[in-house]
Amino acid sequence: MAFFSKTYSTRLLKLISWSHWFTFFNIIAAIGFSTIYLFSEPAPETLLGQVYLVTNWLSHMAFLTFISFMLIVFPITILFPYTRFIRGSASVVFTIGLLLLVLDAYIYSKLGYHLNASSSDQIIDLINSQIEQNSRTFWFVTLVLSILILNFQLVVSNYAWKHLHELQKSVYARYVVVSLVAAFFFSHLTHIWADAKLDYDVLRQDTVLPLSYPATAKTLLTKYGLFDREAYIERRNSPLSFTDKMPSYPAVGDQCSAENTERAVFMVLSKSQLAERQLNQISQRAHPNHRVLTRHIDDANSELAWFNLFYSLPSLYQDNILSQSQAPVLFQQLSKAQLTTALTVISDAEKSMVPEWVENLFAKKTQLSNISSLVFADKLNSYAPGLHVFYFDDSSDYQLELFMDALLLAQQQKAKASSASNQDIIWLSALGNQDTDTRLSAKSALIVLPEHNINPEGTLTSQMDVMPTLMQSWLDCQLNTHDYSSGNNMLSLPVNRVVANTNEQGIVVFNKDKSVFVDQLGNFQSYSRQLSAPIETSKDFPLLIDGMNFIKTFANRQQQAQAK
């Protein structure tokens, strides 16, 4: 500054001194607002974890605020050392910063992760839902909060400028700064030790504060109750399972009107994968209100896929739910309404690979070696109202294609024979995967709902969406979907949804662009949805968190119900 005038140097030094004090007061404000993060998480259990929480919280928020000053306000001060401009600009910058802090804290409390680009769709949906629920309250709170923070900035700015000389003589700030610096080093050294010793009580705090340490997939799985904490600490491999109490599967009440039960539901399932070309060809005979679903998710093996389909829950629930000997809610309602349930297996084998518990759900079970006795319009139109499942346990496709042609032709004849459109509901898809190569790829499926338009096209669907769709669109059940399911009605699927499931190897999460796979050891891998191939990208932990929230939807809903 010796090359400039004395006036410039004096003004600049005063502005820099003022900006330090202005930042100091904003550090206090940021620490105050960031308490929201602490209330969003359970308190640490150990003394070290509690001390680490406090020291990391204070020093990290102070560090973020000071870095904001260094990267934004300080360069502006050097370039444009004009008092009113700098004081006004700094007030606006820190107002925006504190508003973003409040928004980030709110998002973290609701979604479990911070502001990020990869989950922008989920964040925007959350904000839009708040606006739709009560737009006046949302905008009123936003406006009042913005005004209060801006007024705070202006008051602090004016106070620091007018009392700069007295503030420079004070000594209390030195002790505060020294304490924050000491807390900064203590928290970082503690984290290094915890990382080496696998102290979970410290490491689980990695995701609490914004722009903090990157967490590991194993830590997140443990934090969300899908990985055993003792196995984490002892560095042992442990299968994914609920560490909390497994929820009870519900019994259906009188929430279904069953007004459309004169119709039958034909569920046609194939052991082998179906090509989109096949479904497009088959759909040419279908009712206009049909949809070829090209982004259908089914990542399980054949046995687990039956559970995903009929119980509408991720595979992680299977062992415990089946041990409760409670039939899926769809079958409970069909039994109450005295509707038919029939399973027909087309297989060359002496015994089909359909699990015994699946066979026990049906009142009538038949096994055929071919479809010759089924492909007659009169027979197909004579099936009683209820659920009729046809499982093609065969590697050849021609029998399934012939059966579907016959079924759709019979539906056309059925519609012509009546003045009203009385076609039945049809679901066609593969069930499960014969090998791991196809688990991470999107499948194709076909649904026919004669009285409903299925939109939007291109949304992710899942085997877990089939039962909620039938419960609401066929049986007119007013049950909350998440009381018995992790899926959703296909007529009201969110565009930017996330679908997740577990299998023998780990957890798989899907969104519209990519899939994420985390194995039992916590190893993380992302896959392109278009290429179905591994991609080099940073670990998408927000997507993993969305997936874990999807898996725990049913468990959380049951816990809330029990708490009431």
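Reference entry: report on the structure contained in this document.

Scoring rules and cut-offs
- Residues numbered from 1 in each chain as written.
- Predicted model: local features only at pLDDT ≥ 70, side-chain atom pairs only at ≥ 80, totals over all residues.
- Heavy atoms only, no water.
- Helix = DSSP H or I, 4+ residues; strand = E, 2+ residues; numbered from the N terminus.
- Buried < 20%, exposed > 50% of the residue type's maximum accessible area, 1.4 Å probe, protein only.
- Contact = heavy atoms within 4.5 Å.
- Areas by Shrake-Rupley, 256 points an atom, 1.4 Å probe, with all protein chains shown as cover.
- Lys, Arg positive; Asp, Glu negative; His and termini not counted.
- Charge placed at Lys NZ, Arg CZ, Asp CG, Glu CD.
- Pairing = 2+ DSSP bridges.
- Axes fitted to C-alpha atoms, helices over the stretch in contact; angles between N-to-C directions.
- Core = buried A, V, L, I, M, F, W, Y, C linked by side-chain atoms within 4.5 Å.
- Salt bridge = Lys/Arg side-chain N within 4 Å of Asp/Glu carboxyl O.
- Parallel < 35°, antiparallel > 145°, perpendicular 65-115°, else oblique.
- Left-handed = near helix turned anticlockwise from the far one by under 90°.
- Nonpolar A, V, L, I, M, F, W, Y, C, P; charged D, E, K, R; others polar.
- Phe/Tyr/Trp six-rings, centres within 6.5 Å; stacked < 30°, edge-to-face > 60°.
- Lys NZ or Arg CZ within 6 Å of the ring centre and 35° of its normal.
- Patch = residues over 30% accessible without salt bridge, like charges linked within 9 Å, V, L, I, M, F, W, Y side chains within 5 Å.
- Polar contact = N/O pair within 3.5 Å; in protein donor to acceptor, adjacent residues only side chain to side chain.

**Some remarks on the overall build of the protein chain**
Thought 1: Each helix and strand in the protein chain was counted, giving 21 helices and 13 strands.
Thought 2: Sorting the 564 residues of the protein chain into buried and exposed places 52% on the buried side.
Thought 3: Put simply, 71% of the contacts in the protein chain that link residues at least 6 apart link residues at least 24 apart.
Thought 4: With the model as given, the accessible surface of the protein chain reaches about 26400 Å², and the carbon-plus-sulfur share is 58%.
Thought 5: Between the averaged position of the 41 positive side-chain charges in the protein chain and that of its 47 negative side-chain charges there is a distance of 12 Å.

**Side note on the sheet that holds strand E5 (residues 386-392)**
Thought 1: Read from one edge of the open sheet, eight strands run E4-E3-E5-E1-E6-E7-E2-E8, paired in mixed fashion. The outermost strands of the open sheet, each flanked by one partner alone, are strand E4 (364-368) and strand E8 (461-462).
Thought 2: Contacting strand E2 (290-297), strand E6 (425-430) and strand E7 (443-448), helix H12 (residues 276-283) runs over the sheet at an angle of about 15° to E7.

**Observations regarding helix H19 (residues 466-473)**
Thought 1: The buried fraction of H19 is high, at seven of eight residues.
Thought 2: Among all positions in H19, only Val466, Met467, Pro468, Thr469, Leu470, Met471 and Ser473 are buried.
Thought 3: Packing partners of the buried residues in H19 comprise strand E1 (264-270), helix H13 (302-311), helix H15 (329-336), E6, E7 and E8.

**Some details on the nonpolar core**
Thought 1: Ranked by internal contacts, the top residues of the largest apolar core, which has 53 residues, are Met267 and Phe310.
Thought 2: Here this core takes seven residues from H13, the largest share from any one element.
Thought 3: Setting aside residues up to four positions removed in sequence, Met267 forms contacts with Leu309, Phe310, Leu387, His388, Val389, Phe390, Trp427, Val466, Met467 and Leu470.
Thought 4: Within the second largest apolar cluster, 36 residues are counted, among which are Leu111, Leu220, Val518 and Phe524.

**Observations concerning the pattern of salt bridges**
Thought 1: By the definition in use, this model includes seven salt bridges.
Thought 2: Between Lys223 and Glu41 there is a salt bridge whose closest N-O contact spans 3.2 Å. Placement of the pair is Lys223 in helix H10 (residues 217-223) and Glu41 in the loop between helix H2 (35-39) and helix H3 (47-79), with a sequence separation of 182 residues.
Thought 3: Ionic pairing is found between Asp201 and Arg204, a salt bridge with its closest N-O pair at 3.3 Å.
Thought 4: Accessibility expressed as a relative area gives 1% for Asp201, which makes it buried.

**Let's talk about unusual backbone geometry**
Thought 1: Residues other than glycine seldom take positive phi values, yet Leu198 does so here, at roughly 55°.
Thought 2: Mapped onto the secondary structure, Leu198 falls in the loop between helix H8 (172-197) and helix H9 (200-203).
Thought 3: If you check the backbone angles, Leu211 has positive phi at about 55° while not being a glycine.
Thought 4: As for its placement among the helices and strands, Leu211 is situated in the loop between H9 and H10.
Thought 5: A relative accessible area of 74% places Leu211 in the exposed class.

**Remarks on H15**
Thought 1: Of all eight residues in H15, six are buried, a share of seventy percent or more.
Thought 2: Among the residues of H15, Val329, Leu330, Phe331, Gln332, Gln333 and Leu334 are the ones counted as buried.

**Focus on the packing of helix H4 (residues 83-111) against helix H6 (residues 135-162)**
Thought 1: With their axes 9 Å apart at the nearest point, H4 and H6 run at an angle of 140° to one another. Overall, the two elements H4 and H6 adopt an arrangement that is oblique. At the point where H4 passes H6, the crossing takes the right-handed sense. Each of Thr83, Arg87, Ser91, Phe94, Thr95, Leu98, Leu99 and Val102 in H4 lies in contact with H6, whose residues at this interface are Leu145, Ser146, Ile149, Leu150, Gln153, Leu154, Ser157, Asn158 and Trp161.
Thought 2: Here the residues of the contact of H4 with H6 are counted per class, giving nine nonpolar, seven polar and one charged.

**Remarks on the packing of aromatic side chains**
Thought 1: Inspection of every chain in the model, using the stated rule, returns 30 aromatic pairs.
Thought 2: Aromatic pair Phe25 and Tyr159: ring centres 6.2 Å apart, planes at 75°, arrangement edge-to-face. Linking Phe25 in helix H1 (residues 6-33) with Tyr159 in helix H6, this pair joins segments that are 134 residues apart in sequence.
Thought 3: A residue is classified by how much of its surface remains accessible, and Tyr159, at 40% relative accessible area, is partly exposed.
Thought 4: Centroid distance Phe184 to Phe185: 5.8 Å. Interplanar angle 90°. Geometry classified as edge-to-face.
Thought 5: On the basis of relative accessibility, which here comes to 51%, the residue Phe185 falls in the exposed class.
Thought 6: An aromatic cluster is built from Tyr249, Phe307, Tyr311, Tyr317, Trp357 and Phe554, whose rings are joined through pairwise contacts.
Thought 7: Just above the ring of Trp161 sits the side chain of Lys14; from NZ or CZ to the centre is 4.4 Å.

**Some details on the environment of Gly112**
Thought 1: Structurally, Gly112 can be placed in the loop between H4 and helix H5 (120-133).
Thought 2: A C-alpha to C-alpha distance of 8.8 Å links Gly112 and Ser40, two positions 72 residues apart in sequence.

**A short note on a nonpolar patch on the surface**
Thought 1: On the surface, a cluster of nonpolar side chains totalling about 480 Å² of accessible area is made up of Val92, Ile96, Leu100, Leu115, Leu150 and Leu154.
Thought 2: Of all elements in the fold, only H4 and H6 reach the threshold of two or more residues within the nonpolar patch.

**Some points on the side chain of Asp298**
Thought 1: Counting through the fold element by element, Asp298 comes out in the loop between E2 and H13.
Thought 2: Within polar-contact distance, the side chain of Asp298 engages the backbone nitrogen of Gly432 at 2.6 Å.

**Some details on the environment of Lys169**
Thought 1: If you trace the backbone, Lys169 turns up in helix H7 (residues 164-169).
Thought 2: As a C-alpha pair, Lys169 and Phe140 span 29 residues in sequence and 41 Å in three-dimensional space.

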